[in-house]
Amino acid sequence: VTLGETLPPPVPGPAAPPPWAAGLDIGGTKIEGVVLGPGGEVAAHRRSPTVPGPDGILSGALALLGVLAADTAGRVGDLGSVGVGTAGVVDDREGRILHAVNLGIDGDGLALARGITQATGLPARVENDVNAAAVGVYAALGSPEADVALLSVGTGLAAGLVLGGRLRRGARSSAGEIGHLPVVADGPTCVCGQRGCLEAVASGRALALRWEALGRPPAARPAAAILASAAGGDAAACEVWGDFCAHLATAVRILLLTVDVDVVVLGGGVAGVGEPLLAGVRDALDRQAATSQLLRRLDPASRVVLVPSGASPAAAGAALLGRAGAGR
Ligand SMILES: [Zn+2]
């Protein structure tokens, strides 16, 4: 090329691959972090203990991003985007944690997205952890046309909905909060102030409370403890577990009869017990369908699966939401 020569128009090259995308899942005991590579694969996965309080949460998130960057992009500023899934009540538009008891955040809340962007220069967004996990599970299932509900059975009970390929938050970010549907007349009082909520009978907390009310010793993992007792022929353990699974089956019926998702994925901490939970919920669904032609037609038991194993679905989902929010 010499001066004065007319240059040909630039030939458009192949589209640039999406950049790295970091995702964090902030829970009461630990922060899980992943970095997704250009193809969506998990390129790095790290965790660190949670330090409660606004300063502890922000500095913990930034420190973990530093470790993840060292594993992948090199510099934090080259991570592309950051998504965060977090426990507690979240304003996803503002990227703020409003209130999270087990993260030590109340009062003024924590403007987490702004704090991350100020420190790293990266676009950041913050999402409810169940919603983030639903997005991660949806991606892991690899069926883009499927509508998916993640039924998260942890300390509490909630569902995350991906419908038509999009996360459904709802007008007040309450879509999927089925844990607070009252299902047992005059049942136990729920943390929300109502009585007989699904969460008050079908959550890790509910399971632990009922077990201890029988005079049994507190267990760090109540579902595993009750299953072990049931396997040893303990009739009370069998009854508690059977009732628990029946209430979860009701949660599944609610999801199928309201949004008719293709698949309900059992996740959350209690799903860590694995196959016995899936078998218990499927048995309960079969019993409930035995007397109902309407339910049998829905074939509910075949539409329940366990969460796929692998890196934290909430961190992976948060990374995808962060990347999408950054317009990539
Ligand atoms: Zn409630």
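Scroll up a little and you will see the structure.
I will try to describe carefully the structure that is included in this document. (Residues numbered from 1 in each chain as written. Predicted model: local features only at pLDDT ≥ 70, side-chain atom pairs only at ≥ 80, totals over all residues. Heavy atoms only, no water.)

## A short note on the coordination of the zinc ion
No. 1: The zinc ion binds to the protein through His180 (ND1), Cys190 (SG), Cys192 (SG) and Cys197 (SG), with metal-donor distances spanning 2.1 to 2.4 Å.
No. 2: Around the zinc ion sit four donor atoms; with metal-centred angles ranging over 103 to 128°, the donor geometry is tetrahedral.
No. 3: Mapped onto the sequence, the donors of the zinc ion take the spacing H-x9-C-x1-C-x4-C. Across the pair, exposure class does not vary: Cys190 and Cys197 are buried alike. (Donors = N, O, S within 2.8 Å, 3.2 Å for Na, K, Ca; no water. Tetrahedral: all angles 85-135°; square planar, octahedral: opposite > 155°, others 65-115°. Buried < 20%, exposed > 50% of the residue type's maximum accessible area, 1.4 Å probe, protein only.)

## Observations concerning the packing of helix α3 (residues 129-141) against helix α9 (residues 313-325)
No. 1: Where α3 contacts α9, the two axes come as close as 6 Å, and the packing angle between them is 90°. With respect to each other, α3 and α9 are oriented roughly perpendicular. Together, Asp129, Ala132, Ala133, Val135, Gly136, Val137 and Ala139 of α3 and Pro313, Ala314, Gly317, Ala318, Leu320 and Leu321 of α9 make up the contact between the two elements.
No. 2: Of the residues contributing to the contact of α3 with α9, the split by class is 10 nonpolar, two polar and one charged. (Axes fitted to C-alpha atoms, helices over the stretch in contact; angles between N-to-C directions. Helix = DSSP H or I, 4+ residues; strand = E, 2+ residues; numbered from the N terminus. Parallel < 35°, antiparallel > 145°, perpendicular 65-115°, else oblique. Contact = heavy atoms within 4.5 Å. Nonpolar A, V, L, I, M, F, W, Y, C, P; charged D, E, K, R; others polar.)

## Looking at the sheet that holds strand β9 (residues 157-163)
No. 1: Taken together, the five strands give an open sheet; going across it, the order is β10-β9-β8-β11-β12, and neighbouring strands pair in mixed fashion. Both edges of this open sheet fall to β10 (166-167) and β12 (304-306), since each of them pairs with a single strand only.
No. 2: Direction of pairing for β9 relative to β10: antiparallel, over a ladder of two bridges. Within the sheet, the bridge partner assigned to Val162 lies in β10 and is Leu167.
No. 3: Each of β8 (148-153), β9, β10 and β11 (263-267) touches α3; the most contacted strand, β9, lies at about 50° to it. (Pairing = 2+ DSSP bridges.)

This is a description of form; function is not addressed.
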